[in-house]
Amino acid sequence: MPTIIARILGEGFRVFFLSAGLYGLFVGVVWGLWLTVPYMAPDYGMTPPMWHAHEMIFGYATAALGGFFLTAVPNWTGAPEARAHFITLAAGLWLAGRMAMWFSGVLPPVLVAVVDLAFVPVLGAKIATQLIRRPKPQNMIFLLLLSLIWVADMMTHLQWIEVTEGTLQTGLRAGLLALCAMIAILGGRITPAFTRNAMKRAGVPEADWPVSVALFDKAGMVLALILPLGVLVLGAGPLAGVLALALGVVQILRMANWRSRWAARQPILLALHLGLGMLAMGLILWGLAVLGLGNEIAALHVLGIGCVGGMTLAVMSRAALGHSGRALIAPAPMVVAYGLMAVAALSRWIGAELNAGYMVAMLLSDGLWVCAFALYLIAMWPALTGPRTGREG
């Protein structure tokens, strides 16, 4: 057992991708129990739906980000990887934040805020020291997005501590949109690249490889940055709706030549394309809803479940396999998990939009989310807890 623990805490992707999977499962189970037996909800310092929203955005997703950045940034810059003592500290801070939120009904709100807000600055400081070795703008931009996520989280706490009014909803929306911006920029970089590499290995002629249009990529990056920043400053008003629509359309244009149909042959690639497709769909639906056409909460769940949930599963599973020396072939349970996550997003959206069977749709969506994470943990457990294989990822 000590060997397994040392292995898990020795590499960022192991402890944080494992934590993200376990916590995604936990929050899903708790939410499902609250929906079916609401009087059993714990005494949070906020309503259970707000705890659920906060922990999905600032709990689950930040664990996924931690695992990704602690693994990817050293590869980008050639900097030494974080050592076990730092990874243990960072993981401890993340866990402490989750515990503070769980016991927020009996802890002082200021203490809850301080503990919950501690993880992201420590993570940001670490990757900043690594990025500074090769300070490329396209990589430094992620520090700005991490800062936006932290500010958005702080805005939720400011209302819970009764310092402000009306910042809770703004913080939750801005935090989710900052995650979507991260996915738009990062996913827009790795998805065509991974598809191109796979096509090259398969002997596909270069003329048929994915093509990225610089104009659309730049427009997507600018819009992705402006949208969460605009929501933080101005709220989710008409301007935010227009920006979301524009980003959604640009995302579709970006993906037009990424060879998604070919990627369907390899589920581990298709999952990336599917997550970015959900991003485009969710942005357009949310933009329309903000402008008065559609259900806003339904659209936010397309982004939260389909985009953030789907894309994090895709990236975590691929990184776990590659960095543990395993072949980049999604195990069968993982393939099912990809599909379940997409269906969970669509069922949640359809139920809210049609306003028919709404509770059934919520329970179905939650059940599919829980099943997806259970399958992720089953499929990725050897890669996250076991020794490296002979193959280099």
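Preceding this section is the structure that the text describes.
Residues numbered from 1 in each chain as written. Predicted model: local features only at pLDDT ≥ 70, side-chain atom pairs only at ≥ 80, totals over all residues. Heavy atoms only, no water.

K.L.:
Lay out the packing of aromatic side chains in plain terms, naming residues and giving numbers.
P.N.:
Counted under the stated rule, the structure contains 15 aromatic pairs. Aromatic pair Phe-16 and Phe-119: ring centres 5.5 Å apart, planes at 35 degrees, arrangement tilted. Placement of the pair is Phe-16 in helix H2 (residues 12-36) and Phe-119 in helix H6 (residues 119-131), with a sequence separation of 103 residues. Here the two residues Phe-16 and Phe-119 agree in accessibility, since each one is buried. A ring pair is formed by Trp-31 and Trp-34, whose centres lie 5.3 Å apart and whose planes are at 15 degrees; its orientation type is stacked. Pair noted here: Trp-31 and Trp-34 are both in helix H2, with a separation of 3 residues, about one helical turn. When its relative accessible area of 12% is taken as the criterion, Trp-31 is described as buried. Classification of Trp-34 by relative accessible area gives partly exposed; the value is 22%. Through a chain of ring-to-ring contacts, the aromatic side chains of Tyr-23, Phe-26, Trp-51, Trp-94 and Trp-102 assemble into a single cluster. Sitting over the ring of Trp-76, Arg-189 keeps its end group 5.6 Å from the ring centre. Above the plane of the ring of Phe-194 lies Arg-318, whose end atom (NZ or CZ) is 3.9 Å from the centre. (Phe/Tyr/Trp six-rings, centres within 6.5 Å; stacked < 30°, edge-to-face > 60°. Helix = DSSP H or I, 4+ residues; strand = E, 2+ residues; numbered from the N terminus. Buried < 20%, exposed > 50% of the residue type's maximum accessible area, 1.4 Å probe, protein only. Lys NZ or Arg CZ within 6 Å of the ring centre and 35° of its normal.)

K.L.:
If you had to explain the nonpolar core to someone new, which residues and values would you point to?
P.N.:
The biggest cluster of nonpolar side chains holds 131 residues, and the ones touching the most others in it are Phe-16, Leu-227, Leu-279, Trp-286, Met-334 and Tyr-376. At 17 residues, helix H8 (residues 167-201) tops the list of elements feeding residues into this core. Excluding anything up to four places from it in sequence, Met-334 contacts Leu-313, Ser-317, Tyr-376, Ala-379 and Met-380. (Core = buried A, V, L, I, M, F, W, Y, C linked by side-chain atoms within 4.5 Å. Contact = heavy atoms within 4.5 Å.)

K.L.:
How would you explain the layout of surface pockets if you had to name every residue and give the values?
P.N.:
Each pocket or cavity is described by its volume, and for the largest pocket that value is around 630 Å³. Going through the elements one at a time, H2, helix H3 (48-77), H8, helix H13 (296-323) and helix H15 (358-385) are the ones with two or more residues in the lining of the largest pocket. Grouping the amino acids of the lining of the largest pocket by side-chain chemistry returns 18 nonpolar, 6 polar and 3 charged. (1 Å grid on protein atoms, 1.4 Å probe; cavity = no way out; pocket = protein on both sides within 12 Å on 5 of 7 lines; lining within 4 Å. Points joined across faces, edges and corners; volume = space filled by probe spheres on them. Nonpolar A, V, L, I, M, F, W, Y, C, P; charged D, E, K, R; others polar.)

K.L.:
I'd love a proper account of empty space enclosed by the protein, names of residues and values included.
P.N.:
Counting across every chain of the model gives 4 cavities of 30 Å³ or more. Counted as a void, the largest cavity has a volume near 220 Å³. Around the largest cavity sit 16 residues that line it, and Leu-65, Ile-183, Leu-186, Thr-312 and Val-315 are the ones nearest its centre. Broken down by secondary-structure element, the contributors of at least two residues to the lining of the largest cavity are H3, H8 and H13. At 6 residues, H8 tops the list of elements feeding residues into the lining of the largest cavity. Taken together, the residues of the lining of the largest cavity break down into 14 nonpolar, 2 polar and no charged.

K.L.:
Which residues make up the pattern of salt bridges, and what values go with them?
P.N.:
Overall, the coordinates contain 6 salt bridges when judged by the stated rule. Among the salt bridges present, the one from Arg-98 reaches Asp-116, with a minimum N-O distance of 2.6 Å. Residue Arg-98 is found in helix H4 (residues 84-102), and its partner Asp-116 is found in helix H5 (residues 109-116); the two are separated by 18 residues along the sequence. The exposure classification of Arg-98 matches that of Asp-116, with both residues buried. In this structure, the salt-bridge partner of Arg-254 is Asp-217, at a minimum N-O distance of 3.0 Å. One end of the pair, Arg-254, is in helix H10 (residues 238-255); the other, Asp-217, is in helix H9 (residues 214-234), and 37 residues separate them in sequence. For Asp-217, a relative accessible area of 23% puts it in the partly exposed group. In the salt-bridge network here, residues are joined through shared partners; they are Glu-11, Arg-14 and Arg-388. (Salt bridge = Lys/Arg side-chain N within 4 Å of Asp/Glu carboxyl O.)

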